[in-house]
Amino acid sequence: MTVRARIGWTLMGIGLLTAVAVLAAVLLAFQRFERESSYRRGHEFLSRVADQHPELTERQRRAPDEVAAFLRNLVLYEPDTRVYLLDAGGGVRAASHDGVPAGAAVPAQVLQESLGRPPGMGQYLLGPDPAGSPAAMLVAALPLRAPAIAAGGTIDGWLYFV
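Each value, and the rule that gives it
Residues numbered from 1 in each chain as written. Predicted model: local features only at pLDDT ≥ 70, side-chain atom pairs only at ≥ 80, totals over all residues. Heavy atoms only, no water. Buried < 20%, exposed > 50% of the residue type's maximum accessible area, 1.4 Å probe, protein only. Helix = DSSP H or I, 4+ residues; strand = E, 2+ residues; numbered from the N terminus. Pairing = 2+ DSSP bridges. Salt bridge = Lys/Arg side-chain N within 4 Å of Asp/Glu carboxyl O. 1 Å grid on protein atoms, 1.4 Å probe; cavity = no way out; pocket = protein on both sides within 12 Å on 5 of 7 lines; lining within 4 Å. Points joined across faces, edges and corners; volume = space filled by probe spheres on them. Nonpolar A, V, L, I, M, F, W, Y, C, P; charged D, E, K, R; others polar. Patch = residues over 30% accessible without salt bridge, like charges linked within 9 Å, V, L, I, M, F, W, Y side chains within 5 Å. Areas by Shrake-Rupley, 256 points an atom, 1.4 Å probe, with all protein chains shown as cover.

Colleague: Talk me through the pairing of strand β1 (residues 83-87); I want residue IDs and the actual numbers.
Modeller: With four of five residues buried, β1 lies mostly within the body of the structure. Across five bridges, β1 lies against strand β5 (residues 155-161) in antiparallel orientation. Residue pairing across strands places valine 83 opposite phenylalanine 161, the latter belonging to β5. One ladder, built from three bridges, connects β1 with strand β2 (residues 92-95); its direction is antiparallel. Bridging from a neighbouring strand, tyrosine 84 pairs with alanine 95 of β2. Counting the residues that bridge the hairpin from β1 to β2 gives four residues, and of these glycine 90 lies at a positive phi of roughly 105°.

Written as C-alpha cells, this is what we have:
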C-alpha cells in the first residue's frame, strides 16, 4: 500500500468517526430537549389545573367519583398521558384512567425532588408510573395546598403527571 493510499484511508476513517460522533451528539441533544420541553409543558399544565381548581383535594374527599371523571376529562384527547391526584404521602387518591392497583403510590423521594425542580433549561424529572410501569417515565409533580390566609401551609396532596 502506498503512502498516498494510507493517507486517504486515514482521512476517510477520521471523517467517518467524526460523522458518527456528530450524529450521536445530535441525537442525545434532541432527546434531552424533548424531555425538557415535555417536562415544562406537563408542569405548566398542572399549574393551570391547580390554579383553576384550588378545591381539588377537598372535592376529592366529598365526591371521589367526580374527581376521577374530572381527571379523565383533562386528558381526554391525550391517551398516553396520565394524571393522578395523590395524598400528601404519595398514595393514589384518584386517577385519569382505570387499572391502578390498590395501594399504588409514588415514592416520597420523587415528590420531594420535584419541589426543587422548577421548569427551566436543564430541568426534568424521571419517576415511576403508579399504574405499574417498570420503566422510569418523564413525570411532573405539583404540590397542592389547602387554601389558607397565611402564605405557604402544609402540602395537602399532589397532582402527578406521567
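Colleague: Before we move on, could you go through the pattern of salt bridges and cite the residues and values that matter?
Modeller: Per the stated rule, a full pass over the model turns up seven salt bridges. In this structure, the salt-bridge partner of glutamate 44 is arginine 40, at a minimum N-O distance of 3.7 Å. Placement of both glutamate 44 and arginine 40 in helix α1 (residues 3-52) is noted, with a separation of four residues, approximately one turn of the helix. Judged by its relative accessible area of 36%, arginine 40 falls in the partly exposed class. The residue arginine 61 makes a salt bridge to glutamate 58 at a minimum N-O spacing of 3.1 Å. Note that arginine 61 and glutamate 58 are positioned in helix α2 (residues 56-62) at a spacing of three residues, about one turn of the helix. What makes arginine 61 partly exposed here is its relative accessible area of 44%.

Colleague: Any details on the layout of surface pockets? Residues and values, ideally.
Modeller: Empty space within the largest pocket amounts to approximately 430 Å³. Around the largest pocket sit 18 residues that line it, and Glu78, Asp80, Thr81, Phe161 and Val162 are the ones nearest its centre. Residue assignment for the lining of the largest pocket shows that the elements contributing at least two residues are α1 and β4 (133-145). By residue number, the principal contributor to the lining of the largest pocket is α1, which donates five residues. Counted by class, the lining of the largest pocket contains 10 nonpolar, three polar and five charged residues.

Colleague: Which residues make up a nonpolar patch on the surface, and what are the values?
Modeller: Side chains of Met1, Trp9, Met12 and Leu16 sit close together on the surface and give an oily, nonpolar patch of about 530 Å² of accessible area. Relative to the helices and strands, methionine 1 resides in the segment before α1. Since its relative accessible area comes to 71%, methionine 1 is described here as exposed.

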